[in-house]
Structures are given as C-alpha cells and as structure tokens.
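# A look at the structure
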Amino acid sequence: MKKKVVPTSDVIIDPEIRRKARRMIEKPVPPANCVICGSPCAPTSTEGLCWVCRRLKISAWRDSDTQAASQE
C-alpha cells in the first residue's frame, strides 16, 4: 500500500492564526492585577483574582454552604 503524498504547497495552518501566534510570542501580555489586593492575577483566573483571593473566595463559598445546610 502506498502512502499519500502531501504536496508542500498546501497551507496547513491559516496565515491569520500563525500571525497571531507570532505576535503573542514576540511580546507577551503582562498579567493583570487582582481586583481585590492588586497583586498579579493567576493565569487561569477568569474573575480577575490572584490565587490567594481566589482560594479565599472558594473557602467562603464552602463555609456559607455548610452554614446554610446546618440551619435547615
């Protein structure tokens, strides 16, 4: 069985995607600051929080959920 020959003239990656990727590598975007304490945001944060404030928020949610359940 013969292998398929892929012509090298075909564009595999869209030029616009390649251009955006190069721009991101050349000058990366500085991290945003936390809206609570002002320290750099966590890279995965969608709320604009640093990792400490994000953990405090999650802990506060857990505490409020357990208090609501115990009151019922």
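Figured I'd write up the structure that's included with this text. (Residues numbered from 1 in each chain as written. Predicted model: local features only at pLDDT ≥ 70, side-chain atom pairs only at ≥ 80, totals over all residues. Heavy atoms only, no water.)

## With respect to the pattern of salt bridges
The condition is simple: Salt bridge criterion: a side-chain nitrogen from Lys or Arg within 4 Å of a carboxyl oxygen from Asp or Glu. Summary of the burial criterion: residues with accessible area below 20% of their type's maximum are buried, those above 50% are exposed, and those between are partly exposed, where the area comes from a 1.4 Å probe applied to protein chains only. Numbering of helices and strands starts at the N terminus; helices are DSSP runs of H or I of at least 4 residues and strands are runs of E of at least 2.
Going through the model one piece at a time under the given rule, you end up with three salt bridges. In this structure, R54 and E47 form a salt bridge, with 3.6 Å as the shortest nitrogen-oxygen distance. Here E47 falls in the partly exposed class, since its relative accessible area comes to 35%. One salt bridge in this structure joins E47 and K57, with 4.0 Å as the shortest N-O distance. Linking E47 in the loop between α1 (15-26) and α2 (51-71) with K57 in helix α2, this pair joins segments that are 10 residues apart in sequence. Here the residues in one salt-bridge network are E47, R54 and K57, joined through shared partners.

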